[in-house]
Amino acid sequence: MIQPFLELSYISKAFPTPKGPFVALKDVALKIRKGEFVALLGHSGCGKSTLLNIVAGLSQASAGGVILEGKETDQPGPDRMVVFQNYALLPWLTAYENVFLAVRSTMPGAPESERRSVAERYLALVGLAAKADKRPGEISGGQKQRVSIARALATRPKVLLLDEPFGALDALTREEMQEEVLKIWEADRTTVLMVTHEIDEAILMADRIVMMTNGPAATIGEVFEVPFARPRSRAEILEDPAYYTLRNRILAFLYDRFGEPVLAD
Amino acid sequence: MTTTNKTVIAPARDEAAGSTPQLKALLERSGTVVLPLVAVAVFLGLWQALSAAGLTGTLPGPLQVVQDVQPLIVGFFNNSENDVGVAWQLAASLQRVAIGYSLAAVVGVAVGILMGSMRPFQLALDPIFQVLRTIPPLAWLPIALAALSQANPSAIFVIFITAVWPIIINTAVGVRSTPQDYRNVASVLKLSKPTYFFEILLPSAASYIFTGLRIAVGLAWLAIVAAEMLTGGVGIGFFIWDSYNSSRMADIILAVLCVGVVGFVLDRTIYYAGRLLVASE
């Protein structure tokens, strides 16, 4: 295999506790190609988000590390931009200012007019040009998530890290947002690592689904290739028999092999 | 039968529903004006009755007060050497408070941010401040007089030392409770230190800072009256003490009323400034 774009190299993470270290992640090894959409799927509490934070540099691995384009990275930076679980928008800034803050700090040398137009372009990309002057408190959950995605994309990251990005949305908005983000992603194919616990979300969006075993000492149990052609639509996938085969294999992994935490040892 | 009953009753219900909420709303609105007036009238009535019965010592009743303070109200803005009006007494006190409070705000916010963002400062200073903040304002006055040897700077110092603690403590708490999410955004975007300070830390702590500022302005105004009683000179505190010594009881009541109104206005001012400057969540 040619050199991977992003490599998770035998990452382990232990948290100190009064009763000795708690090993959350053990030897997680994964190679991701440029432009690939990878979903990390597992039961809640299995350490998916911890792993994402390590890739983002917000948390340090106890052993192993993250290699991006051949260089080890352990500090946070806008080349691995995160779309946070609860949006993490600054409530005192408008939608536009939230995006602009990100653009300003990642394009320090660029002229003001260019930075403004970048911020406006990405806000328009997620369909929120009309809400540019609204504060996060004045827009809906789905719209906040759009702003958060616009902020992330506007920094033009090498890797986009999505931490259960649709988890806080209602079911209808979630499906709408999944398809919209998919459309945006299919247009420019940024490398994506997405943490989720939704099987259908992973199948709809990802090229590969990386299955995490249950903690403690969670690691990668299996990797499924998602065989559907791009661009994808939910309707087409649901008609494809391969969807049900894949779904059953994922369910079997989650509930037969790793349904009980005892089995994880 | 039932249908006819319904049709008969329905319009009557509509009518009732149309007038009752309006009446209720009117009562509620007038209640916010009328009820406080009723309370004041009852209070004044009781006071008048007690003083008529001779139960209030040398303190005059409200009617007597209204008569006695006439010259004071006429001379409210007098500013001659021997007759300084209440307005100017208040202005002198306000000036001291303004100086002491501004100093406290600047020092308090700065020290609070230092304590909130750097743990060694928190550990070193917090125990000291927890003890110092419980000292009554007037206990500082002899220390201030000894160190500064002048009445006016000492009064200002008392205001400063009274107002500074709630500002420090609230600012430190505000800075410490900056949500992890915002810190994560800042580190992923690699925001520069000044950008982090002005765009994230300050706005995030702003509501806490204003809570501290609001508590502080109340305390400062409480302390100035007491401090001026001891330091003398022009100022509403000394005016009250002086009136007592010259047995001008009605003057005291007018001055105390003014102190209350000014304190209320100060509190509201900081409250509205906070509402204006702190972004709503």
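What comes next concerns the included structure. Each chain carries its own residue numbering, running from 1 in the written order of its sequence. Chain letters and ligand numbers both follow the written order, the letters beginning at A and the numbers at 1. In keeping with the predicted nature of the model, local features appear solely for residues at pLDDT of at least 70, side-chain atom pairs appear and are counted solely at 80 or more, and the whole-chain, interface and lining totals rest on all residues. Working from all heavy atoms in the structure, the side-chain values ignore hydrogens and water.

1. Topic: the pairing of strand 4 (residues 63-68) of chain A
Residue and element names in this part refer to chain A.
Then step 1. Across five bridges, the pairing between strand 1 (residues 6-15) and strand 4 is antiparallel. For Leu8, the partnering residue across the bridge sits in strand 4 and is Val66.
Then step 2. Across three bridges, strand 4 lies against strand 5 (residues 71-73) in antiparallel orientation. Bridge pairing links Val66 to Thr73 in strand 5.
Then step 3. In this description, strands pair whenever DSSP reports at least two bridges between them. Elements are defined by DSSP. Helices are runs of H or I of four residues or more, strands are runs of E of two residues or more, and each kind is numbered from the N terminus. Joining the antiparallel neighbours strand 4 and strand 5 is a turn of two residues, in which Glu69 adopts a positive phi near 50°.

2. Let's talk about the sheet that holds strand 10 (residues 220-225) of chain A
Residue and element names in this part refer to chain A.
Then step 1. Ordered by their spatial adjacency, six strands build an open sheet running 6-7-8-3-9-10, and the pairing between neighbours is mixed. The open sheet terminates on both sides in strands that have one partner only, identified here as strand 6 (80-83) and strand 10. If you compare each strand with its neighbour and ignore which way they point, the axes differ by 20° on average.
Then step 2. Pairing geometry for strand 9 (residues 208-212) and strand 10, over five bridges, is antiparallel. Residue pairing for strand 10: Met211 is matched across the bridge by Glu222.
Then step 3. Two residues qualify as a contact provided that any one of their heavy atoms is within 4.5 Å of a heavy atom in the partner residue. All axes here are fitted lines through C-alpha atoms, helices being fitted over the stretch that makes contact, and every angle between N-to-C directions spans 0 to 180 degrees. The strands touched by helix 8 (residues 241-257) are strand 3 (37-41), strand 9 and strand 10; relative to strand 10, the strand with the most contacts, the crossing angle is about 170°.

3. Comments concerning the sheet that holds strand 5 of chain A
Within a sheet, each strand pairs with its neighbour through backbone hydrogen bonds, oriented either parallel or antiparallel.
All names here are of chain A.
Then step 1. The four strands are arranged 2-1-4-5 in an open sheet whose pairing can be described as antiparallel. The open sheet is flanked by strand 2 (22-32) and strand 5, the only strands paired with a single partner. On average, adjacent strands in this sheet sit at an angle of 30° to one another, irrespective of strand direction.
Then step 2. Sitting on the sheet, helix 1 (residues 48-56) is in contact with strand 1, strand 2 and strand 4, with an inclination near 120° to strand 1.

4. Things to note about helix 8 (residues 180-188) of chain B
Then step 1. All of the buried residues along helix 8 of chain B are B:Tyr182, B:Asn184, B:Val185, B:Ala186 and B:Val188.
Then step 2. Buried residues along helix 8 of chain B sit against strand 6 and helix 4 (141-154) of chain A together with helix 9 (193-231) of chain B.
Then step 3. B:Lys190 sits one or two residues past helix 8 of chain B and shows a positive phi near 50°. Think of it in three bands: residues with accessible area under 20% of the maximum for their type are buried, residues over 50% are exposed, and the middle band is partly exposed, with areas taken using a 1.4 Å probe on protein chains only.

5. A few points about the pattern of salt bridges
All names here are of chain A.
Then step 1. For this analysis, a salt bridge means a side-chain nitrogen from Lys or Arg found within 4 Å of a carboxyl oxygen belonging to Asp or Glu. Here the structure, examined in full by the defined rule, presents 20 salt bridges over all chains.
Then step 2. Residue Arg146 pairs with Glu176 through a salt bridge whose shortest N-O separation is 3.4 Å. Taken together, the positions of Arg146 in helix 4 and Glu176 in helix 5 (residues 171-188) put the pair 30 residues apart, joining distant regions of the chain.
Then step 3. Since its relative accessible area comes to 46%, Glu176 is described here as partly exposed.
Then step 4. As a salt-bridge pair, Glu180 and Arg146 come within 2.7 Å of each other at their nearest N and O atoms. Taken together, the residues Glu180 in helix 5 and Arg146 in helix 4 connect sequence positions 34 residues apart.
Then step 5. By relative accessible area, which is 13% here, Arg146 ends up buried.

6. As for the side chain of A:Arg80
Residues and elements named next belong to chain A.
Then step 1. In this fold, Arg80 is placed in strand 6.
Then step 2. Relative accessible area serves as the criterion here: at 2%, Arg80 is assigned to the buried category.
Then step 3. Within 3.5 Å is the distance limit for a polar contact, defined as a pair of N or O atoms, with the added protein rule that one can donate a hydrogen and the other accept it, and that residues adjacent in sequence qualify only through two side-chain atoms. A distance of 3.4 Å separates the side chain of Arg80 from the side chain of Asp79, its partner in a polar contact.

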